[in-house]
Amino acid sequence: MDDCETCDSAGVPGIGTLPWDIGATTEALIRRVDSGRMRELRHDVPLEDMIALLESDLKYTIVSFVECLDCGRVLFWGLCIRGNPILRHADRTEIDRRRWSEVPPRRRWARS
Ligand SMILES: [Zn+2]
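Residues numbered from 1 in each chain as written. Predicted model: local features only at pLDDT ≥ 70, side-chain atom pairs only at ≥ 80, totals over all residues. Heavy atoms only, no water.

## Things to note about the sheet that holds strand E2 (residues 61-68)
- One open sheet accounts for four strands, arranged E1-E2-E3-E4; its pairing is antiparallel. Every interior strand has two partners, whereas the edge strands, strand E1 (38-43) and strand E4 (86-90), have only one. With direction set aside, neighbouring strand axes in the sheet form an average angle of 25°.
- Note: E2 against strand E3 (residues 74-80), seven bridges, orientation antiparallel. (Pairing = 2+ DSSP bridges. Helix = DSSP H or I, 4+ residues; strand = E, 2+ residues; numbered from the N terminus. Axes fitted to C-alpha atoms, helices over the stretch in contact; angles between N-to-C directions.)

Written out as structure tokens, the structure reads:
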């Protein structure tokens, strides 16, 4: 990514072949939302719930689109049961074009 301190520092590199540290990057995004530097636009589940859902193995991909309020671009944060996490900038139109799939009932995967 490029030229935006807020976006560039959100992705925390993973260990070995993992491009991003899932927990630390999710946490970094949450901190930016909490501090008003980013805002969640649309998602399968809120950032706070992504890892619990991932660990349940109930949904193959879990996606969140987050807007950076510093540079105005949209970040795509995507987790996948059997693939690498993806963090990248996305075109806004991708949000509506995406085939959103159903999220399993919260009681089946939520931690609390
Ligand atoms: Zn940015």
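Moving on, there is more to tell.
## A look at the nonpolar core
- Counting residues in hydrophobic clusters, the biggest one holds 21 residues, and the most contacted among them are Leu29, Met38, Leu47, Met50, Ile62 and Trp77.
- Elements that contribute at least two residues to this core include exactly helix H2 (22-34), helix H3 (50-56), E2 and E3.
- Sorting elements by how many residues they give to this core places H3 first, with four residues.
- Beyond its immediate sequence surroundings of up to four residues, Met50 is in contact with Val45, Ile62, Val63, Ser64, Trp77 and Leu79.
- Counting residues in each nonpolar core, the second largest holds six residues, with Val63, Val74, Ala90 and Ile95 among its members. (Core = buried A, V, L, I, M, F, W, Y, C linked by side-chain atoms within 4.5 Å. Buried < 20%, exposed > 50% of the residue type's maximum accessible area, 1.4 Å probe, protein only. Contact = heavy atoms within 4.5 Å.)

## A short note on the side chain of Asp44
- Structurally, Asp44 is set in the loop between E1 and H3.
- Polar side-chain contacts of Asp44 include one of 2.8 Å to the backbone nitrogen of Val63.
- Other than its neighbours up to four places away in sequence, Asp44 contacts Lys59, Thr61, Ile62, Val63, Trp100, Ser101 and Val103. (Polar contact = N/O pair within 3.5 Å; in protein donor to acceptor, adjacent residues only side chain to side chain.)

## Topic: the pattern of salt bridges
- Evaluation of the coordinates by the stated rule reveals six salt bridges.
- Ionic pairing is found between Arg39 and Glu67, a salt bridge with its closest N-O pair at 2.7 Å. Taken together, the residues Arg39 in strand E1 and Glu67 in strand E2 connect sequence positions 28 residues apart.
- When its relative accessible area of 9% is taken as the criterion, Glu67 is described as buried.
- Where Arg111 meets Glu55, a salt bridge forms, and the shortest distance between an N and an O atom there is 2.8 Å. Of the two residues, Arg111 sits in the segment after helix H4 (93-97) while Glu55 sits in helix H3, which places them 56 residues apart along the sequence.
- Within the structure, one salt-bridge network assembled from shared partners comprises Arg39, Glu67 and Arg92. (Salt bridge = Lys/Arg side-chain N within 4 Å of Asp/Glu carboxyl O.)

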